[in-house]
Amino acid sequence: MRPFEYSRAADVASAVGAGRAGARYLAGGTNLVDLMRLGVETPDRVVDVGRLGLDEVTETDGGGVRIGAGVRMSDLAAHPLILERYPVVSQALLAGASGQLRNMATIGGNLLQRTRCVYFQDVSKPCNKRAPGSGCPAIEGEHRGLAILGHSDACVATHPSDLAVALAALDAIVQLAGGRTVAMPGLHRLPGDDPSRDTVLEPGDLIVGIELPPPLSGPQRYRKVRDRASFAFALVSVAAAVDGSDVRLALGGVAHVPWRCFTAEEALRGGASFEQAADAELADARPLRDNGFKLTLARNLLVRTLDDLTHT
Ligand SMILES: Cc1cc2nc3c(=O)[nH]c(=O)nc-3n(C[C@H](O)[C@H](O)[C@H](O)COP(=O)(O)OP(=O)(O)OC[C@H]3O[C@@H](n4cnc5c(N)ncnc54)[C@H](O)[C@@H]3O)c2cc1C
Ligand code: SF4
């Protein structure tokens, strides 16, 4: 690992000051430190944001819930407010990583974790995301776990967070230091011709919290298909939440962003069957040579989850 300077921020203002001056934020370190060991991330300065007091889950005046960016995944998954009002969030968290990792990893870090594309993690290989302009070997190479929707000629990576999929379905709001907010699913961006940028955040932006709007009226579900029953990223996942006669849907494991299914939602409002809604959502999918199975998985997962929820 390259030498780097470590400091611990005492408050949000000093963390942001360090971030604006080029330091990388360190939360649980479960992704950043791994990538530094691999030589993928090479910060000269790292500022620890683990003791900023951003570790509370509280009710908001508007009837929603605010989650501090430093809350640990395991604490959030077990929190009574989340279990009772936003079970899809708890289910998504518990479907990810392992017990030990969830005890370390934070909500802010989870949303900003980087893709698991094998070429991104291997500095001996070209990769447009890590080294802009060097090429994308995944398009012709190992891409079984990568995107079928929204990808570009520059990058076919997927975003790995399960939590982000649940937050995208719930219209969560990401709160940044300084007061700016970003509505999910708008935090992450499609690769276009600049895959080096995973999100709409600028260097130095610090996530301080997530706000969940007041709970929806109906049942919620997170379902994840993966190669192993634990400790594996999603091949495809779905977050679904019913609100009266409406349903919110998002897919994971299929794109560079948590994929909110606006087309399927609209089709369902217009009286389409679950199968028709899923087909409408996936009409623009462009599977790669080895990941066409994801299209079938995504369709079946949408249909089955909708079917389950309407019989809950
Ligand atoms: C073996 C393994 C399996 C895993 N499986 C899954 C899985 O199935 N599903 C899943 O969702 N995740 C999975 N993960 C990923 C894990 O959930 C993430 O590594 C973790 O959530 C990152 O959180 P962290 O606090 O450790 O972030 P860090 O590693 O500290 O930071 C990650 C990134 O976020 C930035 N950052 C951190 N906090 C902030 C903030 N407040 N504001 C702005 N930037 C910030 C950092 O600068 C860094 O770029 C797995 C990880 C491993 C190692
Ligand atoms: S898919 Fe994206 S992350 Fe993977 S090699 Fe191509 S450019 Fe890099």
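Think of each chain on its own: its residues are numbered from 1, step by step along the sequence as written. Labels follow written order: the first chain is A, the first ligand is 1, and so on. Totals for whole chains, interfaces and linings use all residues, but because this is a predicted model, local features are given only for residues with pLDDT of at least 70 and pairs of side-chain atoms are given and counted only at 80 or more. Note that water and hydrogens are dropped before the side-chain values are worked out from all heavy atoms of the structure.

Caption draft 1: Up close: the overall build of the protein chain. In this text, helices come from DSSP runs of H or I with a minimum length of four residues, and strands from runs of E with a minimum of two, each type numbered from the N-terminal end. The helix and strand inventory of the protein chain stands at 11 helices and 12 strands. Computation of the radius of gyration draws on C-alpha atoms, with the globule rule given as 2.2 Å multiplied by the number of residues to the power 0.38. For 312 residues, the compact-globule formula gives about 20 Å, and the C-alpha radius of gyration of the protein chain, at 19 Å, lands near that figure. Principal axes of the C-alpha set define a box for the protein chain whose edges measure 55 × 50 × 35 Å. Here the protein chain, with 312 residues, has 51% of them falling under the buried criterion. Taking as baseline every contact in the protein chain between residues at least 6 positions apart, the subset at least 24 positions apart corresponds to 64%. Per-residue and other accessible areas were derived by the Shrake-Rupley procedure at a 1.4 Å probe size, with only the shown protein chains allowed to occlude residues. Per element, the accessible surface of the protein chain, about 13500 Å² overall, is 51% carbon and sulfur. Of the charged side chains in the protein chain, 33 are positive and 36 negative; the average position of the first set lies 5 Å away from that of the second. Working definition: with a 1.4 Å probe on protein chains only, accessible area under 20% of the residue-type maximum means buried, over 50% means exposed, and in between means partly exposed. Whether two residues touch is decided by their heavy atoms; if any such pair falls within 4.5 Å, the residues are in contact. Only four residue types enter the charge count: Lys and Arg as positive, Asp and Glu as negative, with His and the chain ends excluded. Throughout, a charge is located at the NZ atom of Lys, the CZ atom of Arg, the CG atom of Asp or the CD atom of Glu.

Caption draft 2: Main features of the site of ligand 1. Near, as used in this document, describes a residue that has one of its heavy atoms within 4 Å of the molecule or strand being considered. Ligand 1 sits among 33 residues. The nearest are R24, Y25, T30, T106 and D162. Contacts described as polar in this section are N or O atom pairs within 3.5 Å, which, within protein, must combine one atom able to donate a hydrogen with one able to accept it, while residues neighboring in sequence count only if both atoms come from side chains. Within the contact set of ligand 1, an oxygen atom lies 3.2 Å away from a side-chain nitrogen or oxygen of N110. Between a nitrogen atom of ligand 1 and a side-chain N or O atom of Q113, the distance comes to 3.2 Å. In isolation ligand 1 offers 980 Å² of accessible surface; the protein chains occlude 93% of this area.

Caption draft 3: Representation of the pairing of strand β3 (residues 45–48). Two strands make a pair as long as DSSP finds a minimum of two bridges between them. Here strand β1 (residues 5–8) pairs with β3 via 4 bridges, running parallel. Looking at β3, one finds that S7 is bridged to V47. With 3 bridges joining them, strand β2 (residues 24–26) and β3 adopt parallel strand pairing. By the bridge assignment, Y25 is partnered in β3 with V47. With helix α2 (residues 32–38) bridging β2 and the parallel β3, this β-α-β connection has right-handed handedness. Handedness of a crossover is defined as follows: orient the strands so they point away from the viewer, and if the path from the first strand over the helix to the second runs clockwise, the crossover is right-handed.

Caption draft 4: Structural detail: the site of ligand 2. The local shell around ligand 2 holds 13 residues, among which C117, C127, C136, C155 and V156 are the closest. Gly counts as polar in this scheme, as do all residues outside two lists: the nonpolar Ala, Val, Leu, Ile, Met, Phe, Trp, Tyr, Cys and Pro, and the charged Asp, Glu, Lys and Arg. Of the residues belonging to the shell around ligand 2, the class tally is 11 nonpolar, 1 polar and 1 charged.

Caption draft 5: Inspection of the sheet that holds strand β11 (residues 246–252) at higher detail. Strand order in the open sheet made by the 4 strands is β9-β10-β11-β12, with antiparallel pairing throughout. One side of each edge strand has no neighbouring strand; the edge strands of this open sheet are β9 (220–225) and β12 (259–260). Here β11 pairs with β12 via 2 bridges, running antiparallel. Residue A250 lies in a different strand from β12, and its bridge partner there is R260. Across the sheet, helix α5 (residues 87–94) touches β9 and β10 (236–243), and the angle it forms with β9 is around 20°. Contacts between helix α11 (residues 293–310) and the sheet are confined to β9, β10 and β11, with β10 contributing the most and set at about 25° to the helix. For helices, the fitted line uses only the C-alpha atoms of the stretch in contact; every axis is such a line through C-alpha atoms, and the angle between N-to-C directions lies from 0 to 180 degrees.

Caption draft 6: Quick look at the pattern of salt bridges. Between Lys or Arg on one side and Asp or Glu on the other, a salt bridge is scored when a side-chain nitrogen of the former is within 4 Å of a carboxyl oxygen of the latter. Scanning all chains against the criterion turns up 24 salt bridges. The partner of R24 in a salt bridge is E41, with the nearest N and O atoms 2.5 Å apart. On the criterion of sequence distance, the pair formed by R24 in strand β2 and E41 in the loop between α2 and β3 is long-range, its members being 17 residues apart. What makes R24 partly exposed here is its relative accessible area of 32%. Given the relative accessible area of 8%, E41 is considered buried. For D308, the salt bridge identified is with R223, shortest N-O distance 2.6 Å. On the criterion of sequence distance, the pair formed by D308 in helix α11 and R223 in strand β9 is long-range, its members being 85 residues apart. With a relative accessible area of 18%, R223 lands in the buried category. Among the charged side chains, a salt-bridge network with shared partners connects R24, E41, R114, K129 and D198.

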